[in-house]
Amino acid sequence: AGREAVVDLLVSSPAVARWGTVSLSDLTVDGAPMPAVGIDTRRGAALPTLVDGRLPAADDEIAFGRLTERQLGVGPGDVVTVDGVDGERSRLKVVGTVVLPGLGTYPGSDKTSLGEGAVVTRTTLYRLGPQFGRDDFVVQFDSDASAGARRAVVATAGRIAEQLDPEGFTAAEVQRPSDIIAYDRVRSVPLVLALVLALLAFATLAHALVSAIRRRRRDFALLATLGLTRRQVSSTIAWQATTVGVCALLIGIPVGVIGGRWAWGLLADDLGTPSEPRVPLLAVAIGVVVVLALCNVVAYVPGRIAARIRPAVVLRSE
């Protein structure tokens, strides 16, 4: 009854784009135990994210996370041996590489993650893996669904669980892999580091402008004698700061984009997930405007200092 109530909820909710069920157990593949997922490949079901190849459709097929493939030294097209719980040994063909959420058979058990775990058909999992009696609903929300609509679906499923079978049927938010949780905890560190580096850069710019004014006092005095106004002197310093900012952007943006994509590719490869870096063009455009504006803000005080230079005093001392 509880299962049917959840099915009705998922079918009727406009926030749900796809849904399906997966069975959870363990498999021993080439002597290595690992968490495994049994999928129902019916049309329209929410299924693991495919990186390469295809998902298992027959009972003699299997797919792995990228890190698991490296551990076993196999890839799509290879054949692996799976030891069944009753001593049966089956040979399965590797047909794809997948990315899995964090799913486990019980609290504290080994869980699938971005690059770890195996995927087979539900029939194969029932035949070869121990029976934990653990099935999960997997839901893919519509991309246009609001956060409130998504929470409402989870909350309704939770109420169904509490009313019908509070011990054997539970509802939870998206189960994120431990790798994602770990990186999420330190996500503010790069932002703080970037802010500190930005402050150092603008402090260096201010020091460079003040030093340039001290070295070029005689030049500014001569220009003022020739008719350069105080406003024009300040503008000269502002243009100098702007030129420094433009040069920094011309170097920093390409190097940052290339370096960022390269670093993200290494990180994604280490996590066993696809690398799909995106360049936020709007953020880059806003960053260009902000940098140039801050350069002119930094140049304000040095510009005022240059504008107050007294030609007679400077030239007399020279």
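Small disclaimer: the values here were computed from a predicted structure and weren't measured. (Residues numbered from 1 in each chain as written. Predicted model: local features only at pLDDT ≥ 70, side-chain atom pairs only at ≥ 80, totals over all residues. Heavy atoms only, no water.)

J.: For this particular structure, what's the right way to read the overall build of the chain?
T.: The helix and strand inventory of the chain stands at eleven helices and eight strands. In the chain, buried positions account for 34% of the 318 residues. Sequence-distant contacts, at least 24 apart, represent 72% of the contacts inside the chain between residues at least 6 apart. Of the roughly 19100 Å² of accessible surface on the chain, 58% is carried by carbon and sulfur atoms. (Helix = DSSP H or I, 4+ residues; strand = E, 2+ residues; numbered from the N terminus. Buried < 20%, exposed > 50% of the residue type's maximum accessible area, 1.4 Å probe, protein only. Contact = heavy atoms within 4.5 Å. Areas by Shrake-Rupley, 256 points an atom, 1.4 Å probe, with all protein chains shown as cover.)

J.: Hey, could you run me through the pairing of strand β7 (residues 118-121) in this one?
T.: Moving residue by residue along a regular strand, the side chains alternate between the two faces of the sheet. Pairing between strand β2 (residues 32-39) and β7: four bridges, direction parallel. Of the residues in β7, the one forming a bridge with V37 is V119. Here strand β4 (residues 61-65) pairs with β7 via two bridges, running antiparallel. When the bridges of β7 are listed, A63 appears paired with V119. (Pairing = 2+ DSSP bridges.)

J.: For this particular structure, what's the right way to read a nonpolar patch on the surface?
T.: Taken together, the side chains of V192, L193, V196, L197 and L200 make up a nonpolar region of the molecular surface, amounting to roughly 460 Å² of accessible area. By the element assignment, L193 lies in helix α6 (residues 188-215). (Patch = residues over 30% accessible without salt bridge, like charges linked within 9 Å, V, L, I, M, F, W, Y side chains within 5 Å. Salt bridge = Lys/Arg side-chain N within 4 Å of Asp/Glu carboxyl O.)

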